[in-house]
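Structural overview for review
Listed below, chain by chain, are the residues.
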Amino acid sequence: MTESTASAHTPTVAVIGYGSQGRAHALNLRDSGFDVIVGLRPGGPTEQRATADGFAVVTPADAAASADIVAVLTPDMVQAKLYDEVLAPHMREGACLLFAHGFNVHYGRIAPRADLDVILVAPKGPGALVRREYEIGRGVPCIFAVEQDRSGQAEAFARTYAAGIGGARANVIRTSFKEETETDLFGEQAVLCGGASALVQAGYETLVEAGYQPEIAYYEVLHELKLIVDLFYEGGIGRMLEFISETAQYGDFVSGPRVIDADTKARMKAVLTDIQDGTFARNWIAEYEAGLPNYNRYRQADLDHPIEATGRRLRAQMQWLQDAQGTPDAAPDARTGTPQPQTEAA
């Protein structure tokens, strides 16, 4: 084994789903000495990739029946049906059910069997990074939680799994299903995805409407954002301030609070309230069950925004992006909203 584990017995892990996270977890666990079973629908889009990676692929039901830990790494909206109809009837008594996001357990869409340990292990990075960092001998920090501890070993299982995917090489922090779910959703909606994309679009519109070239606006409000985010990532706000000009610093101090003010924070609190009281979850579940009419409309509006056409033209001239990505600007899957190669369907 290349990674220490919490017990002498290394659990057999069934990885259900083989998208971005599923593939990374399965490969890292196998390289750490775990017996890994991959459970996928026969003929599904990821079966060929898992087979090419050297895994013997079986149905999710057969994988669940053979494992000590069943890691559910499929999209949130398919997990409840998957658990009720496939996993719960076949999992061993006293096995461990693992999630990488607490959405379905926290909001009551999945009620795990009483005999199961129920844990969460969530790397704080995309699957490609989880795999890449593991391969070079490092790891991506993980958070973990225990929802049910029927065996008395649930935390040990979580720490063992986190070590197996490389998280123990970096940092492992205990949380709860409630905290992980609510903070994850808030971060996505208010800052990382919803907040950032809306801010970029508004900045672009402001410059273009004032008569500036769309290409210049794109570079100033979207392209260069990566430079700032990288500094945040490397050393927080302090590192960003260290590496930008005094003029940029002064603009930060006097203009940032004009854009993100007390009213913005109040609206962020309203977003958090919707997450905490279940409003967002109910709305998202209803939207999915209705066939995603509003979701598809919102998504298409983002794709049709003028900044996207400008960006495609400019990125076509950025050879380093094409070298890194192979096929830049891949179209996301209409049902899951993720690029097709990353779709985490079982």
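It should be noted that the structure appears before, not after, this text.
Residues numbered from 1 in each chain as written. Predicted model: local features only at pLDDT ≥ 70, side-chain atom pairs only at ≥ 80, totals over all residues. Heavy atoms only, no water.

**Quick notes on the sheet that holds strand β8 (residues 172-174)**
The strand order across the open sheet built from eight strands is β3-β2-β1-β4-β5-β6-β7-β8, with neighbouring strands paired in mixed fashion. Each of the sheet's edge strands pairs with one partner strand only, and the pair in question is β3 (57-58) and β8. Inspection of the sheet shows strand β2 (residues 35-39) paired to β3 by two bridges, in the parallel sense. Across the sheet, V38 pairs through a bridge with V57, a residue of β3. Helix α7 (residues 154-164) rests against β1 (12-16), β4 (69-72), β5 (96-99), β6 (117-123), β7 (142-148) and β8 of the sheet, and its axis sits at about 30 degrees to β6. (Pairing = 2+ DSSP bridges. Helix = DSSP H or I, 4+ residues; strand = E, 2+ residues; numbered from the N terminus. Contact = heavy atoms within 4.5 Å. Axes fitted to C-alpha atoms, helices over the stretch in contact; angles between N-to-C directions.)

**Focus: the packing of helix α8 (residues 177-192) against helix α9 (residues 194-209)**
At their nearest, the axes of α8 and α9 sit 3 Å apart, and the two run at 10 degrees to each other. Classified by the angle their axes make, α8 and α9 are roughly parallel. Contacts from E188, Q189, A190, V191 and L192 of α8 reach α9 at G194, G195 and A196. Tallied by class, the residues present in the contact of α8 with α9 amount to four nonpolar, three polar and one charged. (Parallel < 35°, antiparallel > 145°, perpendicular 65-115°, else oblique. Nonpolar A, V, L, I, M, F, W, Y, C, P; charged D, E, K, R; others polar.)

**Overview of unusual backbone geometry**
At L292, a residue that is not glycine, the phi angle is positive and equals roughly 65 degrees. Along the chain, the position of L292 falls in the loop between α14 (279-289) and α15 (293-304).

**Observations regarding the pattern of salt bridges**
Applying the stated criterion to the full structure yields 12 salt bridges. The residue R113 makes a salt bridge to D115 at a minimum N-O spacing of 2.8 Å. Judged by its relative accessible area of 25%, D115 falls in the partly exposed class. Residues K226 and D230 are paired through a salt bridge, measuring 2.6 Å at the closest nitrogen-oxygen approach. On the criterion of helical spacing, the pair formed by K226 and D230 is a turn pair, its members being four residues apart in helix α11 (residues 225-243). It is possible to trace a salt-bridge network through shared partners that takes in D31, R131 and E135. (Salt bridge = Lys/Arg side-chain N within 4 Å of Asp/Glu carboxyl O. Buried < 20%, exposed > 50% of the residue type's maximum accessible area, 1.4 Å probe, protein only.)

**Overview of the packing of α9 against helix α10 (residues 214-223)**
It is the contact of α9 with α10, at a shortest axis distance of 9 Å, that shows an interaxial angle of 145 degrees. For α9 against α10, the interelement crossing comes out right-handed. Here α9 contributes V200, G203, Y204, L207 and V208 to the contact with α10, which in turn contributes P214, A217, Y218, E220, V221 and L222. In terms of residue class, the contact of α9 with α10 is made up of nine nonpolar, one polar and one charged. (Left-handed = near helix turned anticlockwise from the far one by under 90°.)

**Things to note about the packing of aromatic side chains**
Here the structure, examined in full by the defined rule, presents five aromatic pairs. Relative to Y107, the ring of F103 lies with its centre 5.1 Å away and its plane at 65 degrees, an arrangement referred to as edge-to-face. Each member of the pair, F103 together with Y107, is buried. Ring geometry for Y218 versus Y219: centroids 6.1 Å apart, planes at 70 degrees, classification edge-to-face. You can call Y218 buried: its relative accessible area is 2%. Look at Y219 and you get partly exposed, because its relative accessible area is 28%. (Phe/Tyr/Trp six-rings, centres within 6.5 Å; stacked < 30°, edge-to-face > 60°.)

**Describing α10**
For α10, the set of buried residues is A217, Y218 and V221. Taken down its axis, α10 places every buried residue within 100 degrees of arc, on the same side. Of the surrounding secondary structure, the elements contacted by the buried residues of α10 are α9, α11 and α16 (306-315). (Arc of directions from axis to C-beta.)

**Some remarks on a nonpolar patch on the surface**
Taken together, the side chains of L225, V229, F232 and I237 present a nonpolar region at the surface, about 340 Å² in accessible area. Within the fold, V229 resides in helix α11. In this structure V229 comes out as partly exposed when scored by relative accessible area, which is 41%. (Patch = residues over 30% accessible without salt bridge, like charges linked within 9 Å, V, L, I, M, F, W, Y side chains within 5 Å. Areas by Shrake-Rupley, 256 points an atom, 1.4 Å probe, with all protein chains shown as cover.)

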